[in-house]
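Read off the chains here:
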Amino acid sequence: MVNMDPAGYESDLGSWELKIYVTDLKVERLLRVKGDMHIGGVMLRLVEDLDVAIDWSDHALWWPKKNMWLSRTRTTLDQYGVQADALLHFTPMHKTLRVQLPDLRFLDARVDFSIKSFTAVVQLCKDLGIRHPEELSFCRPLQVDHLKRNYKNIGVSPRQRARDAMGPIVQNNISSIGTPDGNKPSSPGVEDGRSPIVNASTPYSTWDGTPTRAGYVNTPNVPPPAPYTPSSTIDPDSNYSLTNDPTLPNLAISPPTPTLEAKNGLLRPRSLVERARLNAGWLDSSRSLYEQDVREFDLLMLRFKFYSFYDLNPKLDPVRINQIYEQARWSIMNEEIDCTEEEMMMFSALQLQVNLQSNNPLPERQRTSADDDIDSELNELQATLEGTSISSMNAHHSITHVPELADDLKFMKPRRFTLKSFKRFFFVFRDKRLSIYKSRDDRGGEPVLTINLRGCEVTPDVNLSHGKYGIKLEVPNPEGMTEYLIRCDSEGQYARWMAGFRLASKGKTMADASYDGEVKQILDFLSMQHPAPGAVISPSQVDLNTDDYVAAKFMRKLKSKSQIVQRILDSHANVKDLSHIEAKIHFIKAWQALPDYGISLFVIQMDGSRKEELLGVASNRLMKMDLTTGDHLKTWRFNTMKAWNVNWEVKKVLVQFEEDDVQFSCLSADCKVVHEFIGGYLFLSMRSKDQNQKLNEDLFHKLTGGWI
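Please read all numbers here as calculations on a predicted model, not as lab measurements.

Topic: the overall build of the protein chain
Okay, so step 1: Scanning the protein chain for helices and strands turns up 15 helices and 25 strands.
Okay, so step 2: A total of 708 residues make up the protein chain; the buried ones form 55% of that total.

Observations regarding the sheet that holds strand S7 (residues 106-112)
Okay, so step 1: Strand order across the open sheet formed by 4 strands is S7-S6-S11-S8, with mixed pairing between neighbours. Two strands in the sheet have a free side with no partner beyond their single neighbour: S7 and strand S8 (136-139). Within the sheet, the average angular offset between the axes of one strand and its neighbour, ignoring direction, is 40°.
Okay, so step 2: The sheet contact formed by S8 and strand S11 (residues 299-304) spans 4 bridges and is antiparallel. Paired with Leu136 across the two strands is Phe304, which belongs to S11.
Okay, so step 3: Taken strand by strand, helix H3 (residues 117-128) contacts strand S6 (94-100), S7, S8 and S11, and its axis lies near 115° from that of S8.

Some details on the nonpolar core
Okay, so step 1: Phe138, Met344, Phe347 and Trp591 are the most contacted members of the largest nonpolar core, which has 122 residues in total.
Okay, so step 2: If one sorts the elements of this core by residue count, helix H14 (residues 671-685) sits on top with 9 residues.
Okay, so step 3: Counting residues in hydrophobic clusters, the runner-up holds 34 residues, among them Phe425, Cys488, Phe501 and Ala504.

Some details on the packing of helix H6 (residues 318-333) against helix H13 (residues 580-592)
Okay, so step 1: For the pair H6 and H13, the least separation of the axes is 9 Å and the interaxial angle reads 50°. As far as their axial angle goes, H13 and H6 are oblique. For the pair H6 and H13, the sense of crossing is left-handed. Contact with H6, carried on its side by Ile321, Asn322, Ile324, Tyr325, Ala328, Arg329, Ser331 and Ile332, involves Ile581, Lys584, Phe587, Ile588 and Trp591 of H13 and no other residues of that element.
Okay, so step 2: Here the residues of the contact of H6 with H13 sort into 9 nonpolar, 2 polar and 2 charged.

Focus on helix H9 (residues 491-505)
Okay, so step 1: Between its first and last C-alpha, H9 extends 21 Å over 15 residues, near the 21 Å set by a 1.5 Å rise per residue.
Okay, so step 2: Taken across its 15 residues, H9 has 13 buried, putting it largely inside the fold.
Okay, so step 3: Gly507 occupies a position one or two residues after H9 and carries a positive phi of about 85°.

Here's the deal with the sheet that holds strand S5 (residues 87-92)
Okay, so step 1: The 5 strands lie next to each other as S2-S1-S5-S3-S4, forming an open sheet whose pairing is mixed. The open sheet has two edge strands with one neighbour each: strand S2 (27-33) and strand S4 (68-69).
Okay, so step 2: Judged from the 4 bridges that link them, strand S3 (residues 59-63) and S5 form a sheet pairing that is antiparallel. Across the sheet, residue Trp62 finds its bridge partner in S5, namely His89.
Okay, so step 3: The strands touched by helix H1 (residues 39-50) are strand S1 (16-22), S2, S3 and S5; relative to S2, the strand with the most contacts, the crossing angle is about 125°.

Details of the pattern of salt bridges
Okay, so step 1: Following the criterion strictly, the structure yields 39 salt bridges and no others.
Okay, so step 2: A salt bridge links Lys553 to Asp338; its shortest N-O distance comes to 3.5 Å. Highlighted residues: Lys553 in helix H11 (residues 552-558) and Asp338 in the loop between H6 and helix H7 (341-357), separated in sequence by 215 residues.
Okay, so step 3: Taken together, the shared-partner salt bridges in this structure form one network comprising Arg131, Glu134, Glu135, Asp311, Asp317, Arg320 and Arg687.

Overview of the side chain of Asp548
Okay, so step 1: Tracing the chain through its elements places Asp548 in the loop between helix H10 (515-527) and H11.
Okay, so step 2: A distance of 3.1 Å separates a polar atom in the side chain of Asp548 from a polar atom in the side chain of Lys263.
Okay, so step 3: Leave out the neighbours within four places in its chain, and Asp548 touches Pro256, Thr257, Pro258, Lys263, Arg329, Met333 and Gln351.

Regarding the pairing of S1
Okay, so step 1: Extensive coverage of S1 is indicated by the burial of 5 of its 7 residues.
Okay, so step 2: Once S1 ends, the chain turns through 4 residues before running back antiparallel as S2, passing Lys26 with a positive phi of about 55°.
Okay, so step 3: Inspection of the sheet shows S1 paired to S5 by 4 bridges, in the parallel sense. In the strand pairing of S5, Ile20 is matched with Leu88.

Thoughts on helix H12 (residues 561-572)
Okay, so step 1: With 12 residues, H12 extends 16 Å between its outermost C-alpha atoms, agreeing within 8% with the 16 Å of an ideal straight helix rising 1.5 Å per residue.
Okay, so step 2: All of the buried residues along H12 are Ile564, Val565, Ile568, Leu569, Ser571 and His572. Seen from one end, H12 has its buried residues packed into an arc of 160°, which puts them on one side.
Okay, so step 3: Against the buried residues of H12 lie H7 and H11.

Conventions we followed
- Residues numbered from 1 in each chain as written.
- Predicted model: local features only at pLDDT ≥ 70, side-chain atom pairs only at ≥ 80, totals over all residues.
- Heavy atoms only, no water.
- Helix = DSSP H or I, 4+ residues; strand = E, 2+ residues; numbered from the N terminus.
- Buried < 20%, exposed > 50% of the residue type's maximum accessible area, 1.4 Å probe, protein only.
- Pairing = 2+ DSSP bridges.
- Axes fitted to C-alpha atoms, helices over the stretch in contact; angles between N-to-C directions.
- Contact = heavy atoms within 4.5 Å.
- Core = buried A, V, L, I, M, F, W, Y, C linked by side-chain atoms within 4.5 Å.
- Parallel < 35°, antiparallel > 145°, perpendicular 65-115°, else oblique.
- Left-handed = near helix turned anticlockwise from the far one by under 90°.
- Nonpolar A, V, L, I, M, F, W, Y, C, P; charged D, E, K, R; others polar.
- Expected span 1.5 Å × (residues − 1).
- Salt bridge = Lys/Arg side-chain N within 4 Å of Asp/Glu carboxyl O.
- Polar contact = N/O pair within 3.5 Å; in protein donor to acceptor, adjacent residues only side chain to side chain.
- Arc of directions from axis to C-beta.

Right, here's the structure in full:
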């Protein structure tokens, strides 16, 4: 029974006072509540008590001490465990987040801080007109110190949160600014449950130094971030162009030179280990931004996390293609991925063509052969990136005919083998099996060596200036990987064999419809690296800032700026006829052809071992690699994986394959990051051609969550 006092009001028996801090008004309220009161009722009573004519519909209760949102409005205080000593914050769920795009531009975006960060990325990408948001994620901006040693928990990066001369900018539920090792000094008003101290005299500064709202540092000579107001939702499946909305910057065309602030934030890893440490900044997709200590006006980077780009379409994806191109460009410029000098000049030439064509987008017109060529290029790119055939209509091999390659090639097996240098043998490649004979005449007999290439690793070893067309094969065996080196005599021969080996590594034969496209792509990639007969643009016609076109290691090697400019212009003659989007597509294809493309690295320690090793995660496999050289020591294919999970008590990832079980701890990032890469690639592999396919967020979290 409810006890009633003589006046007819409910008795306060069993009630207690709950302290709630209203961040918008910077006031505290004490509400008398009972444990069986549901969260929705608490918020309603609070709004009635405030009696302020404000739209409170976007507000929710946040519990700082427990680091959690009380988002289930029908759940009671008792069920959440809220007691009289708790301090809750009544704060907006949507807050301003400073986002750096792959092209290094900054935007101010209104983001929901109360939902899973994966969902927040999905909503942001919808506003920006980027399809397939499952390929992207948020990561914290790191500093050089983060590359010097392993940090399992980055915490809040100093670059992530703005400071001014008087300390941290005042924010709602302000947490202390994290140090590189994730340790944070105490901050009154957060850990001890007291209200945050608000200093009304704290100066707020914009980028030009004029007073404004909180969140930015007074930094001289740095332009303000581009305005971003997602007032209207962009349908990424429509033909909407961002240039049609004057409130949005044109994200399909990027400035050739980033801002000074963006340049100062670039990191250039000097080793494979430092490359691995770059992956420490990824946020947990299954937790909200607030739960991960991201606060209003903090800076996060939006990046393509998974190198499995799906259904690229020049009509629907001008923004997406541009942002992929820009991320590829900066990964090469920052030396996150290796390339040769000839390849660097080719990338610079394509970048120059993109910049020259940026003011000449394709006008609206009837479909022409050029448009068909673009679609063909995208189909080939799609086939390579996904490892599948775009259309079986292009297959010209009959089912009964199994193609084969037979050539005289040079061969060497490094280490523990009688061959000390390359020797010429006769090779026959058929149905994923490579047979090696002493000579063409010996083909009818027993081969010297037979290699099953299913599940192998294929790496190009090409140097055009030296006429070197090499292929490195790493073939799995019970102990690890066996390495073989093959040298071809010509580009055509190299392209045919390289394409066949690549298909074999994916479990396919040369009868697959994508074989011819693979050969053509390899030849196109090589042809763009050849010196052109002569430049079509003279150095006096362009003002090239070589720092924006050539990675630092090549700048140090070539030294002379005029020499670098001339090399770029000579290479540009090979791509001068490409349109704006064609140049970007060629750039992406060339990036994808690099040996280290699509491999995300982590420093790990295998169970039972004290030695640090590298783990590479690709779209279809895991690789144990040498920490110094990057040599592949062991490869496990996802198609042989039975289960994977995380032991949260000891922070170890367990992956069960048909051949063996792999358990390791991750030293350079949280183990959840590795698990999310594995589950994320499996999720992406399940996408179909169905245009009505909806993004299954529940399945994504089931595959990436890390729970058995």
